[in-house]
Amino acid sequence: MLTILFDGIAYGMLLFILAVGLAVTMGLMNFINLAHGAFAMAGGYITVLLMQRLDVPFLWCLPLAFAGAGLLGAVLERTLYRPLYHKPHLDQVLFSIGLAFMAVAATDYFMGSTQQIIQLPEFLRGRTELGTGDWTLGMGHYRLFIIAVCAALTVGLQYVLARTRFGSRLRASVDDQRVAAGLGINVNVVFLSTFAFGSGLAGLGGALGAEVLGLDPTFPLKFIIYFLVVVAVGGTSSITGPLLAALMLGIADVAGKYYIPKLGAFIVYSLMILILIWRPQGLFVRNGGKA
Amino acid sequence: MSLAGSPDDNVLSARGLVKRFGGITATSNVTLHLKKGARHALIGPNGAGKTTLINLLTGVLQPTEGQIALEGRDVTRLPPHRRVRRGMVRTFQINQLFDGLTPLETLALTVSQHRGLGAGWWRPLGAHRAVAERCDQLLEQFHLTSVKDQTTRVLAYGKRRLLEIAIALACEPRVLLLDEPVAGVPAADSREILDILAALPDDVAVLLIEHDMDLVFRFARRVSVLVYGELLVEGDAEAIARDPTVKAVYLGEEARG
Amino acid sequence: MTSASPAQRSLLAARRWRAWEPLLWLAAFAAPLLLPSHALIVNEIAIVALFAVSLDLVLGYTGIVSLGHAAFFGMGAYSAALFAKYVMPDPLVGLAVGIAAATVLGALFSVTIQRGSDLTRLMVTLGAALILLELANKLDWLTGGADGLQGVIMGPLLGRFEFGLSGRTAAWYSLTVLLVLFFLARRLVESPLGATFKAIRDNRLRAMAIGIPVGSRLAVSYTLAAGLAGAAGALLAQTTGFASLDLFEFHRSADVMLMLVVGGTGWLYGGVAGAVVFKLMQDALSAMTPQYWTFWLGLFLVVLVLVGRDRLIRPWTWFGKGRRP
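Below or above, wherever it landed, is the structure these notes cover.

Definitions and limits used
Residues numbered from 1 in each chain as written. Chains lettered and ligands numbered in written order. Predicted model: local features only at pLDDT ≥ 70, side-chain atom pairs only at ≥ 80, totals over all residues. Heavy atoms only, no water. Helix = DSSP H or I, 4+ residues; strand = E, 2+ residues; numbered from the N terminus. Buried < 20%, exposed > 50% of the residue type's maximum accessible area, 1.4 Å probe, protein only. Contact = heavy atoms within 4.5 Å. Areas by Shrake-Rupley, 256 points an atom, 1.4 Å probe, with all protein chains shown as cover. Lys, Arg positive; Asp, Glu negative; His and termini not counted. Charge placed at Lys NZ, Arg CZ, Asp CG, Glu CD. Rg over C-alpha atoms; globule rule 2.2 N^0.38 Å. Phe/Tyr/Trp six-rings, centres within 6.5 Å; stacked < 30°, edge-to-face > 60°. Lys NZ or Arg CZ within 6 Å of the ring centre and 35° of its normal. Buried area = accessible area lost by both parts, 1.4 Å probe. Salt bridge = Lys/Arg side-chain N within 4 Å of Asp/Glu carboxyl O. Polar contact = N/O pair within 3.5 Å; in protein donor to acceptor, adjacent residues only side chain to side chain. Nonpolar A, V, L, I, M, F, W, Y, C, P; charged D, E, K, R; others polar. Pairing = 2+ DSSP bridges.

When you go through chain B residue by residue, the secondary structure sums to 9 helices and 10 strands. Taking the principal axes of the C-alpha coordinates as reference, chain B spans close to 55 × 45 × 35 Å. When each of the 257 residues of chain B is scored for burial, the buried share is 56%. A fraction of 66% describes how many contacts in chain B between residues 6 or more apart in sequence connect residues 24 or more apart. Within the structure as shown, chain B displays about 11,200 Å² of accessible surface, and the carbon and sulfur contribution to it stands at 51%. Distance from the positive charge centre (31 side chains) to the negative charge centre (30 side chains) of chain B: 6 Å.

With that settled, the discussion passes to the overall build of chain C. When its secondary structure is counted, chain C shows 14 helices and 0 strands. Counting helices and strands in the order they occur from the N terminus, chain C gives α-α-α-α-α-α-α-α-α-α-α-α-α-α. Rg of the C-alpha trace for chain C: 20 Å, near the compact-globule value of 20 Å for 325 residues, within the 12% margin. With respect to the principal axes defined by its C-alpha atoms, chain C has extents near 55 × 55 × 45 Å. As displayed, chain C has an accessible area near 13,400 Å², and 69% of this comes from carbon and sulfur atoms. A distance of 15 Å separates the average location of the 25 positive side-chain charges in chain C from that of its 16 negative side-chain charges.

With that settled, the discussion passes to the packing of aromatic side chains. If you walk through the whole model with that rule in mind, you get 24 aromatic pairs over all chains. When the centroid spacing of 5.9 Å and the interplanar angle of 85° are considered together, the rings of A:Phe31 and A:Tyr85 count as edge-to-face. One end of the pair, A:Phe31, is in the loop between α1 (2-29) and α2 (36-54); the other, A:Tyr85, is in the loop between α3 (58-81) and α4 (89-111), and 54 residues separate them in sequence. Owing to a relative accessible area of 0%, A:Phe31 belongs among the buried residues under this scheme. Summarising the aromatic geometry, the rings of A:Tyr81 and A:Phe195 are spaced 4.7 Å apart at their centres and angled 50° between planes, so their arrangement reads as tilted. Pair noted here: A:Tyr81 is in helix α3 and A:Phe195 is in helix α8 (residues 187-213), with a separation of 114 residues, a long-range link. Like A:Tyr81, the residue A:Phe195 is buried in the burial classification. Through successive ring pairs, a cluster of aromatic residues spans A:Phe31, A:Phe39, A:Tyr81, A:Tyr85, A:Phe95, A:Phe191 and A:Phe195. When the ring centre of B:Phe21 is taken as reference, the NZ or CZ atom of B:Lys19 above it lies at 5.3 Å. One residue, C:Arg187, lies across the ring of B:Trp122, its end atom 4.3 Å from the ring centre.

Taken residue by residue, the interface counts 40 residues in chain A and 38 residues in chain C. Of the roughly 3,700 Å² buried at the junction of chain A and chain C (both faces included), carbon and sulfur atoms supply 81%. Our count for the contact surface shared by chain A and chain C stands at 0 salt bridges. Taken together, the links from chain A to chain C amount to 1 residue pair in polar contact (both at pLDDT 80 or more). At 15 residues, the largest contribution of residues to the side of chain A that touches chain C is made by α4(A). Residues of the side of chain A that touches chain C, tallied by class, amount to 32 nonpolar, 4 polar and 4 charged.

Residue and element names in this part refer to chain B. For the coordinates displayed, the defined rule picks out 21 salt bridges over all chains. Measuring nitrogen to oxygen at the nearest pair gives 2.7 Å for the salt bridge that ties Glu 65 to Arg 20. Of this pair, Glu 65 sits in strand β4 (residues 65-70) while Arg 20 sits in strand β1 (residues 10-21), and the two are 45 residues apart along the sequence. Judged by its relative accessible area of 38%, Arg 20 falls in the partly exposed class. Across the salt bridge formed by Arg 134 and Glu 172, the nearest N and O atoms sit 3.5 Å from each other.

All right, on to the interface of chain B and chain C then. In this complex, chain B contributes 46 residues to the contact, which on the side of chain C involves 38 residues. Of the roughly 3,500 Å² buried between chain B and chain C on both sides combined, carbon and sulfur atoms contribute 63%. Here chain B and chain C share 1 salt bridge between them. Between C:Arg206 and B:Glu164 there is a salt bridge; the shortest N-O distance is 3.0 Å. Where chain B packs against chain C, one counts 20 residue pairs in polar contact (both at pLDDT 80 or more). Ranked by residues supplied to the side of chain B that touches chain C, first place goes to helix α3 (residues 103-114) of chain B with 7 residues. Its residues assigned to classes, the side of chain B that touches chain C shows 23 nonpolar, 11 polar and 12 charged.

Take the pairing of β1(B) next. All names here are of chain B. Burial runs high along β1: 9 of the 12 residues are buried. Inspection of the sheet shows β1 paired to strand β2 (residues 24-35) by 8 bridges, in the antiparallel sense. Paired with Ser 13 across the strands is His 33, a residue of β2. From the end of β1 to the start of β2, which pair antiparallel, there are 2 residues, and Gly 22 there has a positive phi angle of about 60°. As judged from the 5 bridges shared by β1 and β4, these two strands associate in the antiparallel manner. Directly across from Ser 13, in β4, lies its bridge partner Ala 69.

Moving on, we get to unusual backbone geometry. Backbone geometry places A:Asp55, a non-glycine residue, at a positive phi of 55°. Locating A:Asp55 in the fold gives a position in the loop between α2 and α3. Taking relative accessible area as the criterion, A:Asp55 reaches 65% and is therefore assigned exposed. Residue B:His143 is not a glycine yet carries a positive backbone phi of 55°.

Shown next, in the form of structure tokens:
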């Protein structure tokens, strides 16, 4: 049981890193980006290519995946996304679905449709077991690694948001874009860097998660629903909200699939719908923030 | 169910309204009474909470404390669309129109809804003659007849503002809350609006939020002054015009700004 | 007798049937006769057109962004299929059952779409479809699971017309149902109720401020649209003799949304036009590998949004700015 909890936490933290960019984009630009998973996929495939073609060690691939996906995000934000911020949500949905389709098809064409295998370095394979019997905690080393990296990133994100000037500019822009611009905050730069950073994180998450979640061209469409659940339930006005939502989702999914395999995903979706009926703005919304 | 002690001829009674958002008190102990046929203005510097008050009265926001009564019946917990059916109608400072519909369709649907025909699904929108004739009247009154078949999206600002108010009148209000009706309207068109305001039916109680002092003192008989969410003073229009504290509030604004 | 009011004249004029409409329907009904080898695709187009019209009701006329409309399509299909297989094979009764089941489901789910933002609505509608997909998958003793529900044999229509291999009866059946429901939908959108839907779509805040009970109207629109989608699903199951899990899948909801967008939202014929274009294109391009179809579809969507949806049908606005906002 503890192992399930552990696996669920690892899964949840991974989901958080993957989805946090989407949460901030939604809160900041009020833009529904269903192509977010494509940036994660990009990070995953960058890692695969670097490792297989150029023999780059796994650990080095992670920051490179972040950078690659972030750069892609920056370019797309400036060229394609920016003109669409004020369009109705339906248009944004259609646009991002279109991008996702293009990403899926192009990846399928260039890389084939089979799942990609990542060879983890030696020290990340293996498992440590603590405790005995029912209370055994089996910690896969890779999952431990994931938790550590994601926890460090989360702390870093909180710090940036709460303690740096960029963080306060970001929070001001999320609260009220017009007022922030009136205060001299360069909203365009904030948007661009935030979108790029969020995409970069997604790429990093894709690289980290390739081994755990599976990497193939259908990744963006398979996982976008999970990202959206994290954002919808966690709300877009903080990062602790999506963090908690992601952990809940991770644990619920792992536990559900283990204990009640017949109904696994069904429980997750139903829970989500019930939560959203009860609290349409998400479970963890800051009072006084923009809805 | 009427509130204890409320006079019979108040169509709108708000008592002790308080609205807190987290740590901020946007509205503090505001009391307002409107009699039938009232011409009452609400003035105050920017950020004083005038629109918040309107949102409280119409039910878009729930008050933290206080009660609101319409014609003696408590409506504090009533949802916004129900208050409209009881006769409390508002206009918006920024035009809130149905861009995809024509002015005629907009008014027809409003009148139909108001007369209980809004759920009819078989007969077309134009089938009821009484509704159509009321629309003719309103279009005429608000000088919209020439544009009645154009999509609202393409109308000039002045016409849009007229439509904004026409929609409210189509609901046959007993209490009309006007939020800065001439905001942003060029001088020529604002005269049109002023004439229409002057010609409002005598039995409708009107609460006017305005910045334009000429309009306020030409139109209103009673004035309330709102500052930082609190009622500074309330009285007859002439008395308020001469009141030194009111002047200080506005002049103080200018000196700082 | 006094003359009609100008307002009444304008309102009633807007809803007259245009000259080309009867011709269009005539052509549609003649198609299975004149192009007998294409009767099957005519049937498919009619079904998909009905599905698109049902989405138009919620999306184009009421402004509800729904990514899970396939839930009702699939519900109608499986209900009609199960009814034919286990109770009685009469098509019209089965159609009624399919519509009823989808309508009940719609009413149930309409509770979820009343509050919250567009994102919330997107999520709950998507979730609804995925839940049904899961359910259909897990209840495989009933639905046939991943293999689908097979062997649905329909009885003769109205006791006389057999569903033959040619597909002509099927095509005329679907076209008739489409016409009847289209006509009803048309009365609805031109009525005061339909006008309140449009008001909610254009400005929910103002709709509330003129006394429209927004929540319950959203529910009504969603429920009615669910019923129409269920009819389309029932027709599909009945005319193909088969119901499968992919009816609930995301790409069905996305495809129908795309069709509607291509044909134009807020205009009942938009669904029909979009369905025709989409189906014909899909048929023509299906020779290409599936990857190409998805890519070009995606590119089309991206370009469509960047150019502006309402400019698509007015090619002279494609180049140069200066559109009146």
